[in-house]
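Listed here are the chains, written in short residue letters.
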Amino acid sequence: MTTRANVRAGSDAGTETAGTETGTGAGTEAVPAADGPATTLDAAGAPGAPGASDVPSPRTDPLPPRPPLPPRRGPGAAFLIRFQRFLTWPPLLIAAALWTWSLPRIGFRDIGEFGLLDRFPYAFYASLAVLSLGFLISLRRAGTAPWWPLTYCVAMLVALKAPPGILYDTVRYAWASKHDAVIARLLAEGTVHPQVRLSGGMSAYDQWPGFFSLNAALVRAFGVHGAASYTNWAPVLFGLLMLPVLVLIYRTFTDDWRLVWTAIWIFQLANWVGQDYLAPQGFAYLLFLTVFAVVVRHFVRPGSAGRLRERARLDPSATSVPPPTTPRQRAVCVAILAPLIAAINASHQLTPVMLCMTLLALCLTRRYRNIGLLVVIGVIMLVWDLTMGRVLFLDTLATLRDSAGDLLKNSRAGYAGEPTGPGPELVGTANILMVLVLGALAATAVLLRRRLVRSALPLLLAAAAPVPLFAVNDYGGEMLFRVYLFGLPGTAFFAAAALVPPAAGRAKARRIARRAGALALPVALAALLAGFLPSYYGKEGMQYAPPAENAFVEESYRQAPYGSLILAANGSFSGAYYRYDRYERWFFTEQDVPANLEMLKDPAGYLDAGIPEGRPAYVILTPAQERTTTGEGYLPPGSFARMRAALKRSPHFKVVRETPDGLFLEHVQTPSPTPAPSTSPAPATPAR
């Protein structure tokens, strides 16, 4: 016998009827019959079918009317669900097969004007398209099976950034080769020399050695030959390590797994600036995101959330503010974060400034007004800058007089002219379009989803926090890229919010948003993917050098006695910083374009006048330098070849060795009736 109290308890618990996946609705209870289907009791206790209880109820007041039962899922709906589940994994297998088949057919040894874009086989592009389709399908199950979007995010990361690690037989990107040289020196000497000035800004690596010390320890621990053995895998490793951190950040502000994974997908496609190679910037950026994740989750001040804890006040996709923490709990968190903050300061000079700017922006809200944490970060940064980093720190302060307030110069990309050639020009256009698309999407979400902006305001502030640095310094022509990089997590979140409609809300508005999102989401993701490929691989001719060219450079250095002045058109070639503590370098085209045009009138005379009298000097020119000087706009097209020929003809220089991989010249000392101008070595550039 079933009492009415049992009936009410069953209705409140939402028990299930046979053959359905949802509750039966308030006021009913499923009662199994001896033979046949289950029967139900209605709200008054009357039998809904034979076998129902007939115990009279002591209650006389009528109960509210029973809501209708949810419709049972027929065989068609069940088949549709199973079919959607089936569609989740085949794209992954198809994409893996296409990508694996395309790898050995990538023509990286014969890179043309468009980098790898016209060297990727069609199967490679097809694999990326199939992965994108599979990701869109997996979003339909993101709430119940979030591991599927995660799998597709990992697969896309590997598909986009693993080919150099698998295929290349040399270190990709000249700056990565430079960092390999720093690690090699640290392994050889076992110490750093922060007060010693080195040409080309190389003393900065002794003043911020944290990242290089870590890699030297890894090389010794694993017994590998050097950091070059894993350098090309750094983008994949950093990307994998950032994934859980980004999940923590985004889950702090939304319960919608679709929004979380779409934001991560957009972050990966929009991270084209190339700062995830083996560099202090990539390592410090990972630590920056980790500190930010801890702050937004565990530094909420008591009584600061207000109405943001009321579900009715929030966007349907938003989550409530994390629980507040006491001053003692926040002090413990500061103690835990202190080693990470110290590691950031020991590895990179710009990231601590970005961290201070971000936390200062968070202080604009009562929710995260943690002055103590900001003071701790500022003190650690100043202590490091005034001790280990004192030399470069004081030099940088001296340059602020000229750079402060010059917004146009500080926001300029690089310090050369305009990109030249089909590939570099396409890269520049793709960069601009990517920024515009991402900014337009984020702005759309800020305007249309005001309640989400209120709850996720810290992400919006973090995205805008680096912008004021345009008024301070150009950071070697890279401030534009760094501001974009540090604002990317917040920008990617709001861009995703513009494409992923909320799962709840008014029926009509939800229906309109769902239809718009069904079209806008795949189009936007396809556009971002199309922009990422030229942005990341469009200049690959400048990033890859064959082993023979690297061997030529290294052998040329060995022929030059220690203490020599090494001249090269630029420093963007592998091996440029070989034994950088034993040689001085002059990259003579890394200056303003008007000065380069003046140099081209008499290249040999210009270089001869810049070499100190009695100083042994050598010139190394390689095909990689030619591609860079032309592509980045240092010299007009064809000028490098004319300059090379002029140096060979000049009596000021003697050809030591010439092969298809490069030209090695020795400077011939000639008496000069006038004093030679002082040498201007390569300008100090910040550690990347």
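From a predicted model like this one, the values you see are computed outputs, not experimental measurements.

Engineer: Honestly, the overall build of the protein chain in this entry has me stumped. Any pointers?
Structural biologist: Looking only at helices and strands, the protein chain has 28 helices and 7 strands in total. In the protein chain, which comprises 688 residues, the share counted as buried stands at 50%. Considering only contacts in the protein chain between residues 6 or more positions apart, those separated by 24 or more positions represent 75%. Of the roughly 30900 Å² that the protein chain leaves accessible, carbon and sulfur atoms contribute 64%.

Engineer: Would you take a moment to explain helix α14 (residues 351-362) for this structure?
Structural biologist: Residues three or four positions apart in an α-helix share a direction because the helix packs 3.6 residues into each turn. The terminal C-alpha atoms of α14 lie 17 Å apart, and with 12 residues this matches the ideal 16 Å at 1.5 Å per residue to within 8%. Of all 12 residues that make up α14, 9 are buried, and the element is covered over most of its length. For α14, every residue scored as buried is listed here: Thr351, Pro352, Met354, Leu355, Cys356, Thr358, Leu359, Ala361 and Leu362. On its buried face, α14 is in contact with α12 (280-298), α13 (327-347), α15 (371-385), α20 (457-464) and α21 (479-499).

Engineer: Just to check I follow, could you spell out the side chain of Thr589 for this structure?
Structural biologist: Looking at the secondary structure, you find Thr589 in the loop between β4 (584-587) and α25 (593-599). On the basis of relative accessible area, Thr589 is assigned to the buried category, the value being 0%. A distance of 2.3 Å separates the side chain of Thr589 from the backbone oxygen of Ala569, its partner in a polar contact.

Engineer: Which parts of the structure should I look at to understand the pattern of salt bridges?
Structural biologist: When charged atoms on two side chains of opposite charge get close, those side chains can pair. Taken as a whole and assessed by the stated rule, the structure comprises 21 salt bridges. One salt bridge in this structure joins Lys601 and Glu598, with 3.1 Å as the shortest N-O distance. Here the residues in one salt-bridge network are Arg185, Glu189, Asp206, Arg579, Asp581 and Arg582, joined through shared partners.

Engineer: Quick question: what am I supposed to make of the nonpolar core here?
Structural biologist: The tendency in soluble globular proteins is for nonpolar side chains to be buried as a group. In this structure, Tyr250, Ile264, Ile266, Tyr285, Val295 and Phe493 are the most contacted members of the largest nonpolar core, which totals 157 residues. Counting residues per element, this core draws most heavily on α21, at 13 residues. Filtering out sequence-adjacent residues up to four positions away, Phe493 remains in contact with Tyr250, Phe253, Thr254, Leu259, Ala263, Leu452, Ala456 and Leu459. Leu567, Leu621, Tyr634 and Leu647 belong to the second-largest nonpolar core, a separate cluster that totals 20 residues.

Engineer: Explain unusual backbone geometry here, please?
Structural biologist: Note: most residues except glycine have negative phi, and most peptide bonds are trans. Of note in this structure, Tyr173 is not a glycine but carries a positive phi near 85 degrees. A positive phi angle is found at Arg579, which is not glycine, with a value near 45 degrees. Examined against the element boundaries, Arg579 turns out to sit in the loop between β3 (565-568) and β4. Looking at Arg579, the relative accessible area reads 30%, which means it is partly exposed.

Engineer: Could you clarify how one ought to interpret the sheet that holds β3 in this entry?
Structural biologist: Sheet strands pair via backbone hydrogen bonds, and the direction of the pair is either parallel or antiparallel. Strands sit in the order β4-β3-β5-β7-β6 across an open sheet of 5 strands; the sheet is mixed. Looking at which strands have only one partner, the edges of the open sheet turn out to be β4 and β6 (653-659). Strand-to-strand twist in this sheet, taken as the mean axis angle between neighbours without regard to direction, amounts to 20 degrees. Examined bridge by bridge, strand β5 (residues 617-621) and strand β7 (residues 662-667) share 4 bridges and lie antiparallel to one another. Among the inter-strand pairings, Ile620 is bridged to a residue of β7, identified as Phe664.

Engineer: Would you take a moment to explain the confidence of the model for the protein chain for this structure?
Structural biologist: Detailed reading of predicted coordinates is not advised where the pLDDT is low. For the protein chain, per-residue confidence averages 84 on the pLDDT scale, and 83% of positions sit at 70 or higher. Note on residues 1-61: pLDDT under 50 across the span, and 77 contacts to partners over four residues away in sequence or across chains. Contacts of residues 678-687 to residues separated by more than four positions or lying in other chains number 33 contacts, the stretch itself having pLDDT below 50.

Engineer: Mind showing me how you'd approach the side chain of Gln268 here?
Structural biologist: The residue Gln268 is located in helix α11 (residues 257-270) in this model. Gln268 has contacts with Cys153, Met156, Leu157, Leu243 and Phe532, leaving out every residue within four places of it along the chain.

Engineer: Would you mind going over the pairing of β7 with me for this structure?
Structural biologist: Each regular strand shows side chains that alternate between the opposite faces of the sheet. Among the 6 residues that make up β7, 5 are buried, leaving the element largely enclosed by the rest of the structure. Bridge count between β6 and β7: 6 bridges; the pairing is antiparallel. Of the residues in β7, the one forming a bridge with Val655 is Leu665.

Cut-offs used in this document
- Residues numbered from 1 in each chain as written.
- Predicted model: local features only at pLDDT ≥ 70, side-chain atom pairs only at ≥ 80, totals over all residues.
- Heavy atoms only, no water.
- Helix = DSSP H or I, 4+ residues; strand = E, 2+ residues; numbered from the N terminus.
- Buried < 20%, exposed > 50% of the residue type's maximum accessible area, 1.4 Å probe, protein only.
- Contact = heavy atoms within 4.5 Å.
- Areas by Shrake-Rupley, 256 points an atom, 1.4 Å probe, with all protein chains shown as cover.
- Expected span 1.5 Å × (residues − 1).
- Polar contact = N/O pair within 3.5 Å; in protein donor to acceptor, adjacent residues only side chain to side chain.
- Salt bridge = Lys/Arg side-chain N within 4 Å of Asp/Glu carboxyl O.
- Core = buried A, V, L, I, M, F, W, Y, C linked by side-chain atoms within 4.5 Å.
- Pairing = 2+ DSSP bridges.
- Axes fitted to C-alpha atoms, helices over the stretch in contact; angles between N-to-C directions.
- pLDDT = per-residue confidence, 0-100.

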